[in-house]
Amino acid sequence: MSQAKYASIDAVVPEAVQALLQQDKKLKVWVNKIGALALPKRQSFELVDALARSILYQQLHGKAADTIVKRLEALACESVFSAGALARLSTAEYRSVGVSGNKAKALHSLADVAFSGGLPGPRQLMKFDNDTLIKMLTPIHGIGAWTVQMLLIFRLGRPDVWPIDDFGVRKGVQIAHKMAVMPTPKEMTAMAEKFWTPHLSLAALYFWRIADLSKLPAVKSTVKVSPQGDTEKRVSPQGDTEKRVSPQG
């Protein structure tokens, strides 16, 4: 996903980014490199489809998962997966398009929960807090807290989600704060309260990007923040070559 999605030459640095810079001074050098990121906006989506795709993409590289999903869409005759289609397909049919047996079981489990009324509806998705939604969805086979947290950040646009077990976020924290080893979940919780609350999702976006940048050649880029919050960005002649690989692609 291109950096341009989150920052542009004429962008105004969001107040949330300025707040992070005030709370965590060590982020300043990274904001200069990355630019002003913005929290993803809330999307309109079908929960069964979103969870099914999360299951399908688990532990697979993007291209391989894309191929399997397209094959499954063709098999199910649906571009938006429904509980009916997920339940109708047999394990053998799932396996025929590259879906593992364990994921087929998870998709059947998701369909069963949907049919039983165990999934939150659109109003509940808006109303319930993060912990409540995690408790509601994680009993589904194949759905863990991390999967729900990605839904909360990238589909619902929640600002206060902190995926303490995510490798990329922990690696980004380690790099930014120059720690000898990656912080433990307990340390992640303590640091979140000190540095990044209540903008935890935005902080996670930065730490994912920081972890990615540690693998890429350096790209000269600066962002100057005026007292009014305006930005001026200069990029090297190589252009916008930085990429952030988020859990949502």
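Thresholds, definitions, all that
- Residues numbered from 1 in each chain as written.
- Predicted model: local features only at pLDDT ≥ 70, side-chain atom pairs only at ≥ 80, totals over all residues.
- Heavy atoms only, no water.
- Helix = DSSP H or I, 4+ residues; strand = E, 2+ residues; numbered from the N terminus.
- Contact = heavy atoms within 4.5 Å.
- Salt bridge = Lys/Arg side-chain N within 4 Å of Asp/Glu carboxyl O.
- Phe/Tyr/Trp six-rings, centres within 6.5 Å; stacked < 30°, edge-to-face > 60°.
- Buried < 20%, exposed > 50% of the residue type's maximum accessible area, 1.4 Å probe, protein only.
- Lys NZ or Arg CZ within 6 Å of the ring centre and 35° of its normal.
- Core = buried A, V, L, I, M, F, W, Y, C linked by side-chain atoms within 4.5 Å.
- Axes fitted to C-alpha atoms, helices over the stretch in contact; angles between N-to-C directions.
- Parallel < 35°, antiparallel > 145°, perpendicular 65-115°, else oblique.
- Left-handed = near helix turned anticlockwise from the far one by under 90°.
- Nonpolar A, V, L, I, M, F, W, Y, C, P; charged D, E, K, R; others polar.

(A) View of the environment of Met126. By secondary structure assignment, the location of Met126 is in helix H8 (residues 122-127). Through-space distance from the C-alpha of Met126 to that of Arg158 is 9.7 Å; in sequence the pair is 32 residues apart. Contacts of Met126, omitting those with residues within four sequence positions, involve Arg42 and Arg158.

(B) Broad picture of the pattern of salt bridges. Applying the stated criterion across every chain yields a total of two salt bridges. As a salt-bridge pair, Glu73 and Arg53 come within 2.8 Å of each other at their nearest N and O atoms. Taken as a pair, Glu73 in helix H4 (residues 62-76) and Arg53 in helix H3 (residues 47-57) lie far apart in primary sequence, 20 residues in all. Three or more residues are tied together by salt bridges with common partners; here these are Asp49, Arg53 and Glu73.

(C) Structural context of the packing of aromatic side chains. The final tally for this structure, using the stated rule, is five aromatic pairs. With centroids separated by 5.8 Å and ring planes inclined at 40 degrees, the aromatic side chains of Phe154 and Trp208 adopt a geometry described as tilted. With a gap of 54 residues between them, Phe154 in helix H10 (residues 145-154) and Trp208 in helix H13 (residues 200-213) connect regions that are remote in the sequence. Take Phe154 and Trp208: they sit in the same class, and that class is buried. Site record: aromatic cluster; members linked through ring pairs are Trp162, Phe195, Trp196 and Phe207. The side chain of Lys33 reaches across the aromatic face of Trp30, ending 4.4 Å from its centre.

(D) Fine view of the nonpolar core. Membership of the largest hydrophobic core comes to 67 residues, with the highest contact counts inside it found for Trp162, Trp196 and Phe207. At 10 residues, H13 tops the list of elements feeding residues into this core. Sequence-distant contacts of Trp162, that is, excluding residues within four places in its chain, are made with Gln149, Val169, Val173, Met188, Thr189, Ala192, Trp196, Leu200, Ala203, Ala204 and Phe207.

(E) The packing of helix H9 (residues 130-137) against H10, seen in detail. It is the contact of H9 with H10, at a shortest axis distance of 9 Å, that shows an interaxial angle of 130 degrees. As the angle between them shows, H9 and H10 are arranged oblique. Where H9 crosses over H10, the two elements pack in a sense that is right-handed. On H10, the residues touching Asn130, Leu133, Ile134 and Leu137 of H9 are Ala145, Val148, Gln149, Leu151 and Leu152. Considered class by class, the residues forming the contact of H9 with H10 number seven nonpolar, two polar and no charged.

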